[in-house]
Amino acid sequence: MRRRRNYGIPIYGLLVLGLLAPASLSPKRALEKLGKWTNQAVSAVGRTVLRSEEMNVAGLSGVEPDGATGGLSALALGVVGNAALVALLFRSVERLRRNHPLHEGNLLRETWVPWGSQEMLAQKWGWLRAAMSLNTDDVEAAAGLDAAMMVEFADLSMQVLSIIGLPLICILCPLHFFCGGSIDQDDPLSWIGMANVESGSWLCWVHSGIVWFVVIVVQHSLKRAQASFVGRRVQWLRRMPPPRCKTILVEHIPPEHCSDSGLIAYFNSVFGREVVETAHVTRNTRGLRWHLSMVRRAEEQLEEATEKFEETGERPRAFFPQSPCRPATADHIMLESPVSGEVCDVIEHWAQELQTERSALHDERWRLGLCGAGEPDFASGAYTTNGFVTFLQRRDAEIALRMQYRAHGLQFVVSPPPAPEDVRFEDLQKREMGFGDFLLGYSCILFLFWAFAPFIVAFSAVARLETLQTIMPSLHVVVILWPVTRAIWDGLASAFALGLFMSLLPNWLMFICEWLFVMKSGRQLQLQLQTWYFYFLVVFVLMVTAIGSSLFYTLSRLVEHPAKIFSLLANTLPYSTHFYLSYFPLQWSVYAMEATRYTVVVKYFALKALWGAERAKEACEPEDQANYGIGARSARMALLLVMALLFCSLSPLICVLGFICFFVCRVTYAYLLVYSETPKADTGGTFWCAQLNHVQQGLFIYVLLMTGVLLDKSDSLGPPLITFACGVALMKSYLHFRRRRILVSIWLYWARLVHFFCHYITLIGVLVGNFCRIAVLHGIVWRNVPITRC
């Protein structure tokens, strides 16, 4: 049983003390303070190891400016090399699927696979043909709606990039080359990009129209895809089996209704008739699980002692330390050992322990009301504040999901239930989410954002060849003989530092969300991971050149001067387009390597030598859900589409590279989800909705970037104003896509504010009117009173 709250109070105390100083400041001052601490940490590492205080996170992460990346030759070498590597990896998939039991395992399990798969997969390169022939309906029938929409997102990305890429390459690239007016560059790759457009060129007006074209195409494609998804979602809801389709999850139940019968009576009273079939409030089974584990341990020890007695014919004896619950006597003190205890018969000891634990287990079951003892009391700690209510009819369950049962809305919080096999009952057994866990969770995520720059600097500093020479002086001879090894090694060390941190980041985020947040199901944990992982990738992969050495210091500058965001983006991102062009071919190899399931294969062969084939196969499934779960995969796919859209106007060639990347991604995931990986619990498309939301948020960055670029290159305010107007239209479309929840809340806020001021002004008017009326009447009466002498 996990015990995680024993050490929470000291951690919370240190956390509050650490956050007390910036929390007492304004948001701007707090951001400046955090940014100053980050710069001090980065500078300290630079002075200590690298002997330089000028540290740039982009440079240490491997993001280099366009002049240092090699241009067209480096891109061609990357495309050819990664294409050859993809071919070799696909060839290894062809070999592994015939010899390794973890490939195409769904053909052996009792899962549905598309018709004709057996015959197609038996042929040479049949897996590739089968993956390419799969459509969304086949993936949905085999692996669920979540998996189908992840494959559909790859199709959507290819469709968007093909629609916007064809006119951009055929029209915009020739315009950049012939009409740019700035051919004073040595790199041919820059001749067809925005870098070739000189200041004051009429092409700025063309780019303002291109921004509208890209935004309209993307928004129209997203709306059409969402409309198609809604139809699939409706069919998924109709196919939902009972009792899940008639059940709701109720959280934060008040103590007076926190029992099975109390919950049934409450919902029947709300509807005014008998509508509830069953209700189950989650019980606190921590003590029950503890006693059950002790019973199993005693049974195993007793069985082992009995087998030993049958083999040797002698009853085994051993020394058992004195239990803390029983006082030690003088006879139990051993002179040769400081631990008090006694030597007794092993069989008798574990038989007595087994009887004691079984009695304690029965008492715990009686306390929880699991053995016919009646319903327990909420004050005894048997019940938690969460439960499941199953209705007689599905119509009543749908009505119950759309009701608000308390005025403040913090009690009787209802939601659709997760899949039965995906419920995290340990989190549901908490009576309520502790504020300390909540605060510590968000503080740990904030710490990850803060510590990225010092971590990259420290790791890169340790891995640099200059630092390794102090540990291994013999490397100095290698550097003298081959000076090129220094640049090659330092470049590889920086890339390795970034790759290592990015590979460990999903595990850290999952650990934080799993232990410090209340996650009702494993899929909700994946959704939380997807959200935070995407934002982290956007900040430190896509926007790493703009943040400098500290994210919080950059935010503090933007809070003080919000208009600087245009110049910040325009002065950094357009000068690193070659790096992101080379980033996509690298992702071809990453997705092709994921198709081989190399991590599962290595783990299988390592465990096979220790445990055997069958047990090793069971231990390898499912795969690592931090790096290869649907949350991390969805975040990486959304980042790739946002990256392609962000640089499509600056370098239109990125649309072709992105199209190939999503094609490899589509083939890989279609094969893995349908034929290889075990089916997972299905939420009905929540990850798809999060992906579309992230893509739309990326469009805002694209509009801000192009507005800043046009402000820098245009000789008038016309093109940037047209581009910025596209952002206003995008905001309206984005709010409409989100069903106007934010807009409605804003209008309600302003309506209430106006209503308050109207009442206030009316009250002031009434008071002033009454005062004037009294004053006038008092004057009239005073003038009409006759003056008499005393």
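Residues numbered from 1 in each chain as written. Predicted model: local features only at pLDDT ≥ 70, side-chain atom pairs only at ≥ 80, totals over all residues. Heavy atoms only, no water.

1. Quick notes on the sheet that holds strand β6 (residues 413–415)
Working step 1: Spatially, four strands are ordered β2-β5-β1-β6 in an open sheet, and the strand pairing comes out antiparallel. Only two strands of the sheet have a single neighbouring strand rather than two, namely β2 (276–283) and β6. Shown here is a sheet whose adjacent strand axes are inclined to one another by a mean of 25°, direction ignored.
Working step 2: Direction of pairing for strand β1 (residues 247–251) relative to β6: antiparallel, over a ladder of three bridges. Bridging from a neighbouring strand, Val 250 pairs with Val 414 of β6. (Pairing = 2+ DSSP bridges. Helix = DSSP H or I, 4+ residues; strand = E, 2+ residues; numbered from the N terminus. Axes fitted to C-alpha atoms, helices over the stretch in contact; angles between N-to-C directions.)

2. Some thoughts on the packing of aromatic side chains
Working step 1: According to the stated counting rule, one finds 28 aromatic pairs in the structure shown.
Working step 2: On the basis of an interplanar angle of 70° and a centroid distance of 5.5 Å, the ring pair of Phe 267 and Tyr 405 is categorised as edge-to-face. Here the residue Phe 267 occupies a position in helix α10 (residues 260–271), and Tyr 405 occupies one in the loop between α13 (394–401) and β6, the gap between them amounting to 138 residues.
Working step 3: The interplanar angle of 70° and the centroid separation of 5.5 Å between the aromatic rings of Tyr 604 and Phe 605 together place this pair among those described as edge-to-face. (Phe/Tyr/Trp six-rings, centres within 6.5 Å; stacked < 30°, edge-to-face > 60°.)

3. Re helix α19 (residues 522–542)
Working step 1: Under the 1.5 Å per step criterion, the end-to-end length of α19 is 29 Å for 21 residues, consistent within 8% with the ideal 30 Å.
Working step 2: With 16 of 21 residues buried, α19 lies mostly within the body of the structure. (Expected span 1.5 Å × (residues − 1). Buried < 20%, exposed > 50% of the residue type's maximum accessible area, 1.4 Å probe, protein only.)

4. Focus: the pattern of salt bridges
Working step 1: In total, this model carries 21 salt bridges according to the counting rule given.
Working step 2: With a closest N to O distance of 3.0 Å, Arg 402 and Glu 398 form a salt bridge.
Working step 3: For Arg 402, a relative accessible area of 64% puts it in the exposed group.
Working step 4: Since its relative accessible area comes to 29%, Glu 398 is described here as partly exposed.
Working step 5: The salt bridge partner of Glu 623 is Arg 597, with a shortest N-O separation of 3.4 Å. With Glu 623 in the loop between α25 (613–620) and α26 (630–646) and Arg 597 in the loop between α23 (577–595) and α24 (598–611), this residue pair connects regions lying 26 residues apart in the sequence. Exposure class is identical for Glu 623 and Arg 597. Each is buried.
Working step 6: Members of the salt-bridge network, linked through shared partners, are Asp 137, Glu 140, Arg 232 and Arg 239. (Salt bridge = Lys/Arg side-chain N within 4 Å of Asp/Glu carboxyl O.)

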